[in-house]
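An overview of the molecular structure
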Amino acid sequence: MRTPIMSFCAVVATSFALNAAEVLPTDVKYEDGAVAQSLTGVAGDPAEGRKIVSNKSLGNCVACHTATDLAEIPFHGEIGPMLDGAGDRWSEAELRGIVANAKMMFDGSMMPSFYKTEGFTRPGKAYTGKAADDTFAPLLTAQQIEDVVAYLVTLKD
Amino acid sequence: MTLLKNTLSAVAVLSIMGAAVSAEPADDTLILNEETEMVTKTAAPSHLSDALDEIYSGWLFRGTETRAMQADDFDNPGMIFVEQAEEVWNTPEGSEGKSCASCHGATDSMAGVRAVYPKWNEATGEVRTLEMQVNDCRENQMGAEKYGYTSGDMTNMVALISSVSRGLPINVAIDGPVAETWEKGKELYYTRTGQLELSCANCHEDSYGMMIRADHLSQGQINGFPVYRLKNTKLNSVHARFKGCVRDTRAETYNPGSPEFVALELYVASRGNGLSVEGPSIRN
């Protein structure tokens, strides 16, 4: 599992350098926990977002959340609320804020911040237990955040 | 994010075998070898009462088969390692030509010891874990090489020493000369580390009983250590477990045997004051 995670980080770092249109993690503007502006200007792909939400080495949102739409994925967690109806309860901007940095919406949330690069205590190099190095990148890329948001918007009751 | 991905396969195997993976701690009583009733659930110690009402052994969060396996020494694979350590206990080593038995006699002389560690050592002015004490005996009494902190030899020896305290209540001191170390351990317990920004408390105080992916979260008690894990089929030490949990927050871990993990061990042990010593226990 380690190699894919690390090469994934390497890809993230490169795409950062190349895509100047992206909003950097340190430049995201939160308003009451919501983020109005797309992080990339490119529409998110809900099918891709669904994969990221379910995939252990990407968002792994199912570690903490369950959703009826993801019934075929084994082992859902129950730390966070069920995602069914998230697209009704929250606007796109709010969902973007929650996925990018849930702590801006929910004070002290246990949910990790998926688009953040600073302010960590003892950040590590993925799951190696070693210190972070220059491959350190947010948990998801800007486009991956957009894909996840596009998927969450489709979760209507 | 791959939270404890390695346990996934072991859990999958267990659930195929029919082990119930439910949200609540099991309503079950652990009676060891049909004679010793263990305390796996009791009122939280007073220092913890503003955070938890009851404390639970990790045993109550494991499946039916795993729980049954631990109830009988003939079925507990951890006891094979205890037997190996029993031989080492009686074997002279080092420049002094002594074995553990030369100074301590039979292993049952160690009854009660596991229950009060980590504890203050007056002579050296430090908080000592059982591992540190074993190495002190090896170096200074036997003239033998120190064991690696989480090595098989060390963990097996700690399991032997734990095994003769099974059923006695954990009772580590938290005041007097250890108070400062205990406070440091408490701070570490509540610090959110790594890129996932999770503390021990997030998982083991706020979320015990819940599933995190395939894992049924316990209170992260250490009364059952060393634990035989079905996942890696050997005994695992407290600091190895701490390291794994910190790593899973995508953090830079502390080292086994480090002052930080010694402090954390003292604090976590004290959260289990009142539970029975169970080591070697069985977990996924």
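Residues numbered from 1 in each chain as written. Chains lettered and ligands numbered in written order. Predicted model: local features only at pLDDT ≥ 70, side-chain atom pairs only at ≥ 80, totals over all residues. Heavy atoms only, no water.

Once that is clear, we can look at the overall build of chain A. Across its full length, chain A holds 5 helices and 0 strands. Starting at the N terminus, the α and β elements of chain A follow one another as α-α-α-α-α. Burial statistics for chain A: of 157 residues in total, 47% are counted as buried. The long-range fraction of contacts in chain A, counting pairs at least 24 apart against all pairs at least 6 apart in sequence, stands at 58%. For chain A, the accessible area works out to roughly 7,400 Å², and carbon and sulfur atoms hold 58% of it. (Helix = DSSP H or I, 4+ residues; strand = E, 2+ residues; numbered from the N terminus. Buried < 20%, exposed > 50% of the residue type's maximum accessible area, 1.4 Å probe, protein only. Contact = heavy atoms within 4.5 Å. Areas by Shrake-Rupley, 256 points an atom, 1.4 Å probe, with all protein chains shown as cover.)

All names here are of chain B. Pairing within the open sheet is mixed, and its 3 strands lie in the order E10-E9-E11. With partners counted over all chains shown, the strands left at the sheet margins are strand E10 (234-236) and strand E11 (281-283), one partner each. The average angle at which neighbouring strand axes cross in this sheet is 40°, direction not considered. Inspection of the sheet shows strand E9 (residues 227-229) paired to E11 by 3 bridges, in the parallel sense. (Pairing = 2+ DSSP bridges. Axes fitted to C-alpha atoms, helices over the stretch in contact; angles between N-to-C directions.)

Another aspect to go through is the interface of chain A and chain B. Between chain A and chain B, the residue contacts involve 43 residues of the former and 32 residues of the latter. On the chain A side of the contact with chain B, Phe75, Arg122 and Tyr127 of chain A bury the most area, a combined 27% of that side's loss. Counting across the chain A and chain B interface gives 2 salt bridges. Put simply, glutamate 197 of chain B and lysine 103 of chain A hold a salt bridge, and the shortest N to O gap is 3.3 Å. Here chain A is connected to chain B by 15 residue pairs in polar contact (both at pLDDT 80 or more). In terms of residue class, the side of chain A that touches chain B is built from 23 nonpolar, 14 polar and 6 charged. (Buried area = accessible area lost by both parts, 1.4 Å probe. Salt bridge = Lys/Arg side-chain N within 4 Å of Asp/Glu carboxyl O. Polar contact = N/O pair within 3.5 Å; in protein donor to acceptor, adjacent residues only side chain to side chain. Nonpolar A, V, L, I, M, F, W, Y, C, P; charged D, E, K, R; others polar.)

As a further point, take the side chain of serine 276 of chain B. Residue and element names in this part refer to chain B. Note on placement: serine 276 falls in the loop between helix H10 (259-270) and E11. In this structure serine 276 comes out as buried when scored by relative accessible area, which is 1%. Reaching out from serine 276, the side chain makes a polar contact with the backbone nitrogen of valine 39 at a distance of 2.7 Å. Sequence-distant contacts of serine 276, that is, excluding residues within four places in its chain, are made with Met38, Val39, Gly167, Leu168, Pro169, Ile170 and Asn223.

We now examine the packing of aromatic side chains. Residue and element names in this part refer to chain B. A full pass over the atoms with the stated rule returns 11 aromatic pairs over all chains. For the pair phenylalanine 242 and phenylalanine 261, a centre-to-centre distance of 5.6 Å together with 70° between the ring planes defines the contact as edge-to-face. You can see phenylalanine 242 sitting in helix H9 (residues 238-247) and its partner phenylalanine 261 sitting in helix H10, a full 19 residues away along the chain. An identical accessibility class is assigned to phenylalanine 242 and phenylalanine 261; each is buried. (Phe/Tyr/Trp six-rings, centres within 6.5 Å; stacked < 30°, edge-to-face > 60°.)

To continue, consider the environment of threonine 42 of chain B. Residue and element names in this part refer to chain B. Turning to its location among the elements, threonine 42 is positioned in strand E3 (residues 41-43). Overall, the relative accessible area of 23% leaves threonine 42 in the partly exposed class. Sequence separation of threonine 42 and cysteine 245 is 203 residues, and the distance between their C-alpha atoms is 25 Å. For threonine 42, the residues in contact, after removing those within four places along its chain, are Asp53, Glu54, Ile55, Gly274 and Leu275.

As a further point, take the pattern of salt bridges. Within the structure shown, the criterion is met by 17 salt bridges over all chains. Among the ionic pairs, aspartate 133 of chain A bridges to lysine 125 of chain A, the shortest N-O distance being 2.7 Å. Given a relative accessible area of 33%, aspartate 133 of chain A falls into the partly exposed group. Here aspartate 248 of chain B makes a salt bridge to arginine 247 of chain B, at a shortest N to O gap of 3.4 Å. What you see here is one network of salt bridges that share partners, running through Arg50, Asp69 and Glu72 of chain A.

A word on the layout of surface pockets. All names here are of chain A. Computed from the structure, the second largest pocket encloses a volume of approximately 580 Å³. Looking at the second largest pocket, it is lined by 33 residues, and the ones nearest its centre are His65, Gly80, Pro81, Leu83 and Met111. Secondary structure elements with two or more residues in the lining of the second largest pocket: helix H3 (86-89), helix H4 (92-101) and helix H5 (142-153). Counting residues per element, the lining of the second largest pocket draws most heavily on H4, at 3 residues. Here the lining of the second largest pocket is built from residues that sort into 23 nonpolar, 8 polar and 2 charged. (1 Å grid on protein atoms, 1.4 Å probe; cavity = no way out; pocket = protein on both sides within 12 Å on 5 of 7 lines; lining within 4 Å. Points joined across faces, edges and corners; volume = space filled by probe spheres on them.)

What follows concerns the confidence of the model for chain A. Of all residues in chain A, 87% attain a pLDDT of 70 or more, and the chain-wide mean is 90. Confidence over residues 1-17 of chain A falls short of pLDDT 50; this stretch has 25 contacts with residues more than four positions distant or in other chains. (pLDDT = per-residue confidence, 0-100.)

Residue and element names in this part refer to chain B. Orientation of helix H3 (residues 78-89) relative to helix H6 (residues 152-163), taken along the N-to-C sense of each, is 95°, at an axis distance of 8 Å. By the angle between their axes, H3 is roughly perpendicular relative to H6. Between H3 and H6, the contacting residues are Phe81, Val82, Gln84, Ala85, Glu86, Val88 and Trp89 on the first element and Asn156, Met157, Ala159, Leu160 and Ser163 on the second. For the contact of H3 with H6, a count of residues per class yields 8 nonpolar, 3 polar and 1 charged. (Parallel < 35°, antiparallel > 145°, perpendicular 65-115°, else oblique.)

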